Amino acid sequence: MKIEHFAINVEDPIGMVQWYTKHLGLKVVSQRMEAPFTAFLADDSGRVMVEIYKNPADEIPPYRTMNPLLLHLAFVSESPDVDKDNLLEAGATLVAEDRLEDGSHLVMMRDPWGLAIQFCKRAKAMLLDKEPG
């Protein structure tokens, strides 16, 4: 099995799509401009998507007050310090920064809507850059 997408119900899907494409480099694969404003955003591998929407069939989680360890969206980062500084200027907030004994560097932030996002520079990559074979 491969993961196709991870869906999140949010308060401002149109604003989040604009912010995530501008500041995180995600690409819009599909977007509806009417309720529930569903958008699929792909990472630069083109293999994983995040679905963002505002669906009144269920509540929007209180992202701003949730512990980031409960839910966060993590990105591979070659330069967590640079990404951190860029996103602070773009309206994100810093939650925590960790440098692990193995040399990994993790930066936890919140986007302007409170959703936790993390930047990971692993000492040893955990995923393959391309499919084997």
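This section reports on the structure supplied with the text. Predicted, not measured: the structure shown is a model, and the values here were computed from it. (Residues numbered from 1 in each chain as written. Predicted model: local features only at pLDDT ≥ 70, side-chain atom pairs only at ≥ 80, totals over all residues. Heavy atoms only, no water.)

1. Here we look at the nonpolar core
Then, number 1: Core analysis: the largest hydrophobic core is formed by 25 residues, its most contacted members being Trp19, Tyr20, Leu87 and Ile117.
Then, number 2: Ranked by residues supplied to this core, first place goes to helix H1 (residues 13–24) with five residues.
Then, number 3: Discounting chain neighbours no more than four positions away, the residues touching Ile117 are Trp19, Tyr20, Leu73, Phe75, Leu87, Val107, Met108, Met109 and Asp111. (Core = buried A, V, L, I, M, F, W, Y, C linked by side-chain atoms within 4.5 Å. Buried < 20%, exposed > 50% of the residue type's maximum accessible area, 1.4 Å probe, protein only. Helix = DSSP H or I, 4+ residues; strand = E, 2+ residues; numbered from the N terminus. Contact = heavy atoms within 4.5 Å.)

2. Some points on helix H2 (residues 80–89)
Then, number 1: Burial in H2 covers these residues: Pro80, Lys84 and Leu87. Buried residues of H2, viewed axially, fall in a sector of 75°; they line one side.
Then, number 2: Buried residues along H2 sit against H1, strand S6 (93–99), strand S7 (105–110) and strand S8 (116–121).
Then, number 3: Directly beyond the C-terminal end of H2, a positive phi value near 105° is found at Gly91. (Arc of directions from axis to C-beta.)

3. Re H1
Then, number 1: The complete set of buried residues in H1 reads Pro13, Gly15, Met16, Val17, Trp19, Tyr20 and Leu24.
Then, number 2: Positive backbone phi, approximately 75°, marks Gly25, located one or two places after H1.

4. Observations regarding the sheet that holds strand S3 (residues 39–42)
Then, number 1: Ordered by their spatial adjacency, four strands build an open sheet running S1-S4-S3-S2, and the pairing between neighbours is mixed. Among the strands making up the open sheet, the edge pair consists of strand S1 (5–9) and strand S2 (27–31). If you compare each strand with its neighbour and ignore which way they point, the axes differ by 25° on average.
Then, number 2: Relative to S3, S2 runs antiparallel, the two sharing four bridges. Paired with Gln31 across the two strands is Ala39, which belongs to S3.
Then, number 3: Sheet strands touched by H1: S1, S2, S3 and strand S4 (49–53). Its angle to S3, the strand with the most contacts, is close to 15°. (Pairing = 2+ DSSP bridges. Axes fitted to C-alpha atoms, helices over the stretch in contact; angles between N-to-C directions.)

5. Some details on the pairing of S8
Then, number 1: Where burial is concerned, most of S8 is hidden: five out of the six residues are buried.
Then, number 2: As consecutive antiparallel partners, S7 and S8 are separated by five residues, and within that stretch Gly114 has a phi angle of approximately 95°, a positive value.

6. Here we look at unusual backbone geometry
Then, number 1: Of note, the amide linkage connecting Ala35 to Pro36 takes the cis form, showing an omega dihedral of 10°.
Then, number 2: The residue Pro36 is located in the loop between S2 and S3 in this model.
Then, number 3: Although it is not a glycine, Phe37 adopts a positive phi angle of roughly 60°.
Then, number 4: Looking at the secondary structure, you find Phe37 in the loop between S2 and S3.

7. A closer look at the packing of aromatic side chains
Then, number 1: Counted according to the given criterion, the structure contains three aromatic pairs.
Then, number 2: Considering the side-chain rings of Trp19 and Trp113, the 6.2 Å spacing of their centres and the 80° angle between planes classify their relative orientation as edge-to-face. Of this pair, Trp19 sits in helix H1 while Trp113 sits in the loop between S7 and S8, placing them 94 residues apart in sequence. Each member of the pair Trp19 and Trp113 is classed as buried.
Then, number 3: A connected cluster of aromatic rings, assembled from ring pairs, spans Trp19, Tyr20 and Trp113. (Phe/Tyr/Trp six-rings, centres within 6.5 Å; stacked < 30°, edge-to-face > 60°.)

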